[in-house]
Number of protein chains: 2
Amino acid sequence: MNREQLLSTLRAALASRDSTVIPAVAKASHPADVASVLAEFEPDEVRTLLRELPAPERAELFGYLEAETEVEVAHYFDRKELAELFLHMSPDDRADLFNRLTEERREMILPALAQAEREDIRRLALFPEGTAGAVMTSDYATVRPDFTAPEAVEHLRKVAPDTETIYQSYVVDENRRLIGTVSLRDLIVAPPHTRVSDFMQREPIFVRADAPREEAARLISRYDLIALPVVNGDEKLVGIVTYDDAMDVAEDEATTDFRKVGAVGELAIGLKEAPIDLLYRKRVFWLVALVFGNLFSGAGIAYFEETISAYVALVFFLPLLIGSGGNAGSQSATLMVRALATGDVVLKDWAGMLSRELTVAALLGATMALAVSTIGIVRGGPDIALVVALSMLVVVIVGSVLGMSLPFILSRLRLDPAASSAPLVATIADAAGVLIYFAIATAVLGLPALTN
Amino acid sequence: MNREQLLSTLRAALASRDSTVIPAVAKASHPADVASVLAEFEPDEVRTLLRELPAPERAELFGYLEAETEVEVAHYFDRKELAELFLHMSPDDRADLFNRLTEERREMILPALAQAEREDIRRLALFPEGTAGAVMTSDYATVRPDFTAPEAVEHLRKVAPDTETIYQSYVVDENRRLIGTVSLRDLIVAPPHTRVSDFMQREPIFVRADAPREEAARLISRYDLIALPVVNGDEKLVGIVTYDDAMDVAEDEATTDFRKVGAVGELAIGLKEAPIDLLYRKRVFWLVALVFGNLFSGAGIAYFEETISAYVALVFFLPLLIGSGGNAGSQSATLMVRALATGDVVLKDWAGMLSRELTVAALLGATMALAVSTIGIVRGGPDIALVVALSMLVVVIVGSVLGMSLPFILSRLRLDPAASSAPLVATIADAAGVLIYFAIATAVLGLPALTN
């Protein structure tokens with residue numbers, strides 16, 4: 001069934017109160033597809049549809065809903081329904097949902113849960129959002145080092161229903177310290193008499209629970225892992241992050257960086273679902289903040305008012321010059337923000353990158369100066385052409401170096417380099433451009449600068 | 001060993017020509033780490049180091065090198081070394097490397113390969129870069145539908161050394177048409193007497209070999225797959241894309257979009273490795289292209305020269321007004337480019353997104369108009385304040401709608417929405433801003449527009 005068919009089938013089922021439709025639909029379609037269609041319904045309608053499903057399917061489908069939708073729908077569940085849902089959800093999804101519920105709902109649900117789940121939720125809910133601990137799951141498989149390969153496989157067969165993945169399992173000592181990992185592939189391929197300790201991967205790659213979740217995603221991507229073990233401060237194994245969660249984290253982080261580079265604030269929600277007032281608040285901050293930068297450009301212009309009155313033709317080139325500096329700066333900044341985010345460039349590369357940037361910027365500036373000087377001759381004569389060409393060269397170099405350096409500086413100050421957005425760099429480059437342009441003009445054309 | 005230790009150990013090994021070091025290092029460290037350190041050496045040094053490794057380890061390490069480094073190092077290999085390398089590389093890495101070799105090197109290597117590999121390379125090399133076919137591997141496992149679960153596991157055990165993953169295997173009919181998939185987890189959990197056809201996933205999710213590689217990555221992420229089957233035009237199974245390759249594709253695509261949004265061209269290489277002349281060429285195109293947009297702004301200013309001469313104070317607000325329109329437009333464009341890339345927003349959402357954008361932009365514009373009108377009163381009196389406030393409102397709305405619409409229009413024309421970069425949107429918004437500002441000024445202040 002395609003999306004349109006799914007949608008109309010579910011609408012019909014709701015209208016006719018036919019309780020047999022959704023179980024059939026859930027059997028025939030992938031939960032990701034059903035969940036994406038459910039986003040079109042009202043929360044109470046989603047609840048009506050979901051209650052017709054067997055509990056495990058309901059929980060699986062629930063895990064594919066958008067975070068916002070999850071909370072809205074959960075609001076319509078009574079205590080018994082919510083407890084049943086929690087019982088069947090994977091631990092990480094469950095802890096996430098729990099964290100997003102209102103205080104009141106949390107208090108309501110806790111007594112309805114079994115001791116083990118309650119503790120599991122409390123433990124996972126401890127880790128602040130954005131950490132590896134907050135995206136990990138506690139449903140992982142451990143095997144003993146003295147298991148033979150077939151014993152380990154048999155053990156995994158038994159625990160499979162309760163684990164997120166059986167493709168990687170973990171070997172811990174008596175203190176739950178992680179001493180090795182073993183893949184199901186290795187277990188299957190190993191000769192029957194060999195023991196886990198004979199071929200397990202010692203000194204495995206792991207992440208600390210309080211590390212940023214991007215770090216977990218980066219390790220998984222770098223080492224092509226299926227799952228990454230997570231340890232606490234005592235180096236005890238507390239969970240794993242699976243590759244599919246790492247993909248979601250990487251996508252989220254890229255989206256966040258995109259929005260920052262576009263001078264929109266952080267927005268932990270899809271663009272289509274974001275309420276208008278949230279979008280307004282996130283965007284107005286930077287727009288107003290940048291006003292001050294632009295006022296600076298205006299002040300620069302006011303300072304050189306006499307030069308401008310004498311040579312109004314100079315104003316013709318103003319958008320071009322400050323625009324080009326801003327554009328070159330935006331280029332450098334976005335290149336650098338992404339390179340820092342992917343680890344392609346690190347802090348200590350600064351000096352090397354700066355000298356490269358200077359070379360590239362000088363070449364770019366010279367090209368632009370050449371292009372613009374011909375227009376300068378046509379519109380204002382050789383003097384204006386000289387002013388415009390010189391300004392272009394300097395403005396492009398300054399803009400580029402600024403755009404390249406700002407992400408580094410922010411990173412050095414332990415701030416997010418992505419905050420050096422294209423509009424921020426462009427605004428600073430604009431102000432610098434105004435000063436450079438009119439200063440050069442005043443010098444070359446021999447005019448007094450100060451007007452008041 | 002950390003990075004610094006690895007680096008100095010390998011440098012020492014090169015200097016002392018000690019051939020025992022690199023095999024020991026390769027045993028103790030992850031190939032991703034060794035490869036990242038090798039990037040610091042010259043290609044001929046890398047070759048010297050690599051030749052001391054056993055062929056399978058050498059090929060594995062090679063697969064972790066950056067594409068550029070791979071080609072440079074391969075250039076130093078003689079025919080025998082290259083053939084041995086090709087024999088041990090995974091089919092997708094091998095085809096990629098083959099595609100990047102010079103014509104001459106390709107001709108040299110082909111006769112040295114076995115028939116099967118030659119055909120495999122030719123087949124994989126057929127798919128244009130950027131398609132699912134170009135990132136897939138042909139090392140996948142198939143199982144017969146009449147296998148019992150233990151028979152299938154036993155079969156996978158045998159083929160494991162030659163397959164990229166055994167966690168997903170594929171069921172094909174006599175024409176090699178894909179009829180189902182089965183996970184190793186299901187095989188392990190299934191009762192021993194059941195057959196693959198009893199529990200295989202029918203109507204599996206797949207991708208066409210000529211589909212864009214992003215689509216493969218998106219399907220893997222959406223459905224949490226370990227591997228995605230790839231079929232040709234006849235619906236025959238030709239390969240699989242694994243989750244780790246999908247992660248690399250998603251990261252690459254995000255980087256590409258970043259660079260486009262920053263008005264840098266496509267750059268299939270890390271920022272640090274990119275040669276200066278490549279960076280220059282990629283950046284100069286957009287910088288020069290945007291000159292024309294800025295000339296348009298300049299022409300707008302020239303057109304209103306008389307207004308400007310009469311009210312030089314208007315120039316003070318010029319950077320602020322056009323800057324704010326450009327900033328609002330950059331925000332909208334980056335939000336939309338990313339939303340289209342992740343599939344959060346699709347083409348048919350246009351009307352809905354437009355009306356939301358109008359609301360948000362009107363609110364933003366009104367806020368900015370209010371803020372700027374107070375400055376207008378101080379610097380130019382109530383008339384100027386009115387002009388500036390009105391212009392701000394219109395400029396922010398026009399910039400936002402422009403920034404939001406451009407990615408949609410490009411997408412509709414089957415062009416890349418990411419080409420609507422922040423600088424492009426800002427430049428168009430600038431030109432529109434100049435016209436709006438001075439048109440409103442001329443109207444409100446009652447001046448003649450035309451000067452020549």
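To be clear, the structure that these remarks concern was listed above.
Residues numbered from 1 in each chain as written. Chains lettered and ligands numbered in written order. Predicted model: local features only at pLDDT ≥ 70, side-chain atom pairs only at ≥ 80, totals over all residues. Heavy atoms only, no water.

A.B. asks: Which parts of the structure should I look at to understand unusual backbone geometry?
C.D. replies: When glycine is set aside, most residues are seen to have a negative phi, and most peptide bonds are trans. Its identity as a non-glycine residue notwithstanding, Asp224 of chain A has a phi of 50 degrees, on the positive side. Among the structural elements, Asp224 of chain A can be located in the loop between helix H15 (213-222) and strand S5 (227-231). Residue class for Asp224 of chain A comes out partly exposed when judged on its relative accessible area of 27%. Of note in the backbone geometry, Arg176 of chain B takes a positive phi value of approximately 65 degrees without being a glycine. (Helix = DSSP H or I, 4+ residues; strand = E, 2+ residues; numbered from the N terminus. Buried < 20%, exposed > 50% of the residue type's maximum accessible area, 1.4 Å probe, protein only.)

A.B. asks: In this structure, what is going on with the sheet that holds strand S2 (residues 178-183) of chain A? I would like to understand it.
C.D. replies: Hydrogen bonds along the backbone pair up the strands of a sheet, which may run parallel or antiparallel. An order of S1-S2-S3 (chain A) is seen for the three strands of this open sheet, with the pairing classed as antiparallel. Only two strands of the sheet have a single partner each, and these edge strands are strand S1 (168-172) and strand S3 (201-202) of chain A. (Pairing = 2+ DSSP bridges.)

A.B. asks: Can you help me understand the side chain of Asp344 of chain B in this one?
C.D. replies: Among the secondary structure elements, Asp344 of chain B is positioned in the loop between helix H19 (313-342) and helix H20 (350-412). Despite its burial, Asp344 of chain B remains without a salt bridge, the nearest opposite charge being carried by Arg259 of chain A at 4.7 Å. Once residues lying within four places of it in the same chain are set aside, the contact partners of Asp344 of chain B are Gly270, Leu271, Lys272 and Glu273 of chain A together with Ala339 and Asp349 of chain B. (Lys, Arg positive; Asp, Glu negative; His and termini not counted. Salt bridge = Lys/Arg side-chain N within 4 Å of Asp/Glu carboxyl O. Contact = heavy atoms within 4.5 Å.)

A.B. asks: Quick question: what am I supposed to make of the relation of the copies chain A and chain B here?
C.D. replies: Mapping between the two copies of the chain is achieved by a rotation about an axis and a shift along the axis. Once chain A is rotated about the relating axis by 180 degrees and shifted along it by 0.1 Å, it coincides with chain B to within an RMSD of 0.2 Å. These values place the two chain copies in the arrangement generated by a two-fold rotation axis. With an isologous cut-off of 70% or more, the 99% of interface residues of chain A that recur at the interface of chain B puts this contact in the isologous class. (Least-squares fit on C-alpha atoms with pLDDT ≥ 70 in both.)

A.B. asks: Whenever I open this one, the nonpolar core confuses me. Can you help?
C.D. replies: Tyr437 and Phe438 of chain A together with Tyr437 and Phe438 of chain B are the most contacted members of the largest nonpolar core, which totals 103 residues. The contacts of Tyr437 of chain B, once residues within four sequence positions are left out, are Leu314, Phe317, Leu318, Leu321, Val387, Val388 and Ser391 of chain B. (Core = buried A, V, L, I, M, F, W, Y, C linked by side-chain atoms within 4.5 Å.)

A.B. asks: Just checking my understanding: could you explain the environment of Ala369 of chain B for this structure?
C.D. replies: Residue and element names in this part refer to chain B. Locating Ala369 in the fold gives a position in helix H20. Classification of Ala369 by relative accessible area gives buried; the value is 10%. If near-sequence neighbours (up to four positions away) are discounted, Ala369 is found in contact with Ala389, Met392 and Leu393.

A.B. asks: Is there a simple way to explain a nonpolar patch on the surface in this structure?
C.D. replies: There is a patch of nonpolar side chains on the surface, built from Leu386, Leu390 and Val444 of chain A and spanning about 220 Å² of accessible area. Relative to the helices and strands, Leu386 of chain A is located in helix H20 (residues 350-412). (Patch = residues over 30% accessible without salt bridge, like charges linked within 9 Å, V, L, I, M, F, W, Y side chains within 5 Å. Areas by Shrake-Rupley, 256 points an atom, 1.4 Å probe, with all protein chains shown as cover.)

A.B. asks: Teacher, can you tell me more about the pairing of S5 of chain A here?
C.D. replies: Walk down a regular strand and you will see the side chains alternate between the two sheet faces. Residue and element names in this part refer to chain A. The buried count for S5 comes to five of five residues, which makes it a mostly enclosed element. Neither face of S5 is open: one carries Ala227, Pro229 and Val231, the other Leu228 and Val230, and all of them are buried. Here five bridges tie S5 to strand S6 (residues 237-242), and the two strands are oriented antiparallel to one another. Note that in S6 the partner of Pro229 across the bridge is Ile240. Between the antiparallel neighbours S5 and S6 lie five residues, among them Glu235 with a positive phi of about 65 degrees.

A.B. asks: Sorry, what's going on with the pairing of strand S2 (residues 178-183) of chain B here?
C.D. replies: All names here are of chain B. Counting buried positions along S2 yields five of six residues, so the element is predominantly enclosed. Taken together, the five bridges between strand S1 (residues 168-172) and S2 define a ladder with antiparallel strand orientation. Pairing of Gln168 across the sheet is with Ser183, part of S2. Hairpin connection of S1 to S2: five residues between the antiparallel strands, including Arg176 at a positive phi of 65 degrees. Across two bridges, S2 lies against strand S3 (residues 201-202) in antiparallel orientation. Each residue of the ladder has a partner; that of Gly180, found in S3, is Arg202.

A.B. asks: Which parts of the structure should I look at to understand the sheet that holds strand S6 (residues 237-242) of chain B?
C.D. replies: Strand order in the open sheet formed by three strands is S4-S5-S6 (chain B), with mixed pairing between adjacent strands. Edge strands, defined here as strands with exactly one partner in the open sheet, are strand S4 (207-208) and S6 of chain B.

A.B. asks: Explanation requested: the packing of aromatic side chains in the structure shown.
C.D. replies: Aromatic ring pairs: the centre-centre distance and the angle between the two ring planes describe each pair. Under the counting rule described, the total for this entry stands at 18 aromatic pairs over all chains. Aromatic pair Tyr243 of chain A and Tyr243 of chain B: ring centres 4.4 Å apart, planes at 45 degrees, arrangement tilted. Note that Tyr243 of chain A is positioned in helix H16 (residues 243-261) and Tyr243 of chain B in helix H16 (residues 243-261), a pairing that runs across two chains. Taking relative accessible area as the criterion, Tyr243 of chain B reaches 6% and is therefore assigned buried. Between the aromatic rings of Tyr303 of chain A and Phe304 of chain A, the centroid separation amounts to 5.0 Å while the plane-to-plane angle is 85 degrees, which identifies the pairing as edge-to-face. What makes Phe304 of chain A buried here is its relative accessible area of 6%. In this arrangement the basic side chain of Arg11 of chain A is found over the ring face of Phe41 of chain A, its NZ or CZ atom lying 5.0 Å from the centre. (Phe/Tyr/Trp six-rings, centres within 6.5 Å; stacked < 30°, edge-to-face > 60°. Lys NZ or Arg CZ within 6 Å of the ring centre and 35° of its normal.)

A.B. asks: Help me understand the pattern of salt bridges, please; the structure alone is not making it clear to me.
C.D. replies: Any two side chains of opposite charge can pair if their charged atoms end up close together. Residues and elements named next belong to chain A. Throughout the structure, instances matching the rule amount to 30 salt bridges over all chains. Two residues, Asp120 and Arg94, come together in a salt bridge whose shortest N-O distance is 3.0 Å. One end of the pair, Asp120, is in helix H10 (residues 115-125); the other, Arg94, is in helix H8 (residues 91-100), with 26 residues separating them in the sequence. Accessibility classification places Asp120 together with Arg94 in one group, the buried group. A cluster of three or more residues bridged by salt bridges with shared partners is formed by Arg47, Arg51 and Glu81.

A.B. asks: Explain helix H7 (residues 79-88) of chain A to me, please; I cannot follow it from the model alone.
C.D. replies: For an α-helix, the turn length of 3.6 residues means that residues three or four places apart are oriented alike. Residue and element names in this part refer to chain A. Within the sequence span of H7, burial applies to Glu81, Leu82, Ala83, Leu85 and Phe86. Looking at the buried side of H7, the elements it contacts are helix H4 (43-50), helix H5 (55-63), helix H6 (67-74), H8, helix H9 (103-109) and H10. Here H7 starts with a cap whose side-chain oxygen sits 3.2 Å from the backbone nitrogen of Lys80, and that cap is Asp78. (Polar contact = N/O pair within 3.5 Å; in protein donor to acceptor, adjacent residues only side chain to side chain.)

A.B. asks: Honestly, the packing of helix H8 (residues 91-100) of chain B against helix H10 (residues 115-125) of chain B in this entry has me stumped. Any pointers?
C.D. replies: In a pair of packed helices, the angle between the axes and the distance between the axes together describe the arrangement. Residues and elements named next belong to chain B. At a closest axis distance of 9 Å, the pairing of H8 and H10 adopts a crossing angle of 70 degrees. When the axis of H8 is compared with that of H10, the two are roughly perpendicular. Where H8 approaches H10, its residues Pro91, Asp92, Arg94, Ala95, Phe98 and Asn99 are matched on the opposing element by Glu117, Asp120, Ile121, Leu124 and Ala125. Here the residues of the contact of H8 with H10 are counted per class, giving six nonpolar, one polar and four charged. (Axes fitted to C-alpha atoms, helices over the stretch in contact; angles between N-to-C directions. Parallel < 35°, antiparallel > 145°, perpendicular 65-115°, else oblique. Nonpolar A, V, L, I, M, F, W, Y, C, P; charged D, E, K, R; others polar.)

A.B. asks: I'm lost on the environment of Ala439 of chain B in this one. Help?
C.D. replies: Mapping Ala439 of chain B onto the fold places it in helix H21 (residues 422-445). Considered as a pair, Ala439 of chain B and Leu49 of chain B are 390 residues apart in the sequence and their alpha carbons are 69 Å apart.

A.B. asks: Honestly, the interface of chain A and chain B in this entry has me stumped. Any pointers?
C.D. replies: How big an interface is tends to be reported as the loss of accessible area on association of its parts. Between chain A and chain B, the residue contacts involve 107 residues of the former and 107 residues of the latter. For the pair chain A and chain B, the summed buried area comes to about 9,700 Å², and 66% of that belongs to carbon and sulfur atoms. Of all residues in chain A, the largest losses of buried area upon contact with chain B belong to Arg185, Phe258 and Arg283 of chain A, amounting jointly to 9% of the total for that side. A salt bridge links Glu357 of chain B to Arg283 of chain A; the nearest nitrogen and oxygen atoms lie 3.0 Å apart. (Buried area = accessible area lost by both parts, 1.4 Å probe.)

A.B. asks: Got a minute to help me understand the packing of H15 of chain A against H16 of chain B in this structure?
C.D. replies: Contact pair H15 of chain A / H16 of chain B: the axes reach a minimum separation of 9 Å and the direction vectors enclose 120 degrees. Considered as vectors, H15 of chain A and H16 of chain B are oriented oblique to each other. In this structure, H15 of chain A contributes Ala217, Ile220 and Ser221 of chain A to the contact, and H16 of chain B contributes Met247, Asp248 and Glu251 of chain B. Classifying every residue of the contact of H15 of chain A with H16 of chain B by side-chain character gives three nonpolar, one polar and two charged.

A.B. asks: Please explain the side chain of Asp92 of chain B as it appears in this structure.
C.D. replies: Structurally, the position occupied by Asp92 of chain B is in helix H8. One buried charged side chain, Asp92 of chain B, makes no salt bridge at all; its nearest oppositely charged neighbour is Arg94 of chain B, positioned 8.2 Å away.

A.B. asks: Would you take a moment to explain a negative patch on the surface for this structure?
C.D. replies: A surface patch of negative charge is lined by Glu42, Asp44, Glu66, Glu68, Glu72 and Glu273 of chain A. The exposure class assigned to Glu273 of chain A is partly exposed, which follows from its relative accessible area of 35%. (Charge placed at Lys NZ, Arg CZ, Asp CG, Glu CD.)

A.B. asks: I keep staring at the environment of Asn294 of chain A and nothing clicks. Help me out?
C.D. replies: For Asn294 of chain A, the location among the structural elements is in helix H17 (residues 276-303). Take Asn294 of chain A: its relative accessible area is 1%, and that puts it in the buried class.

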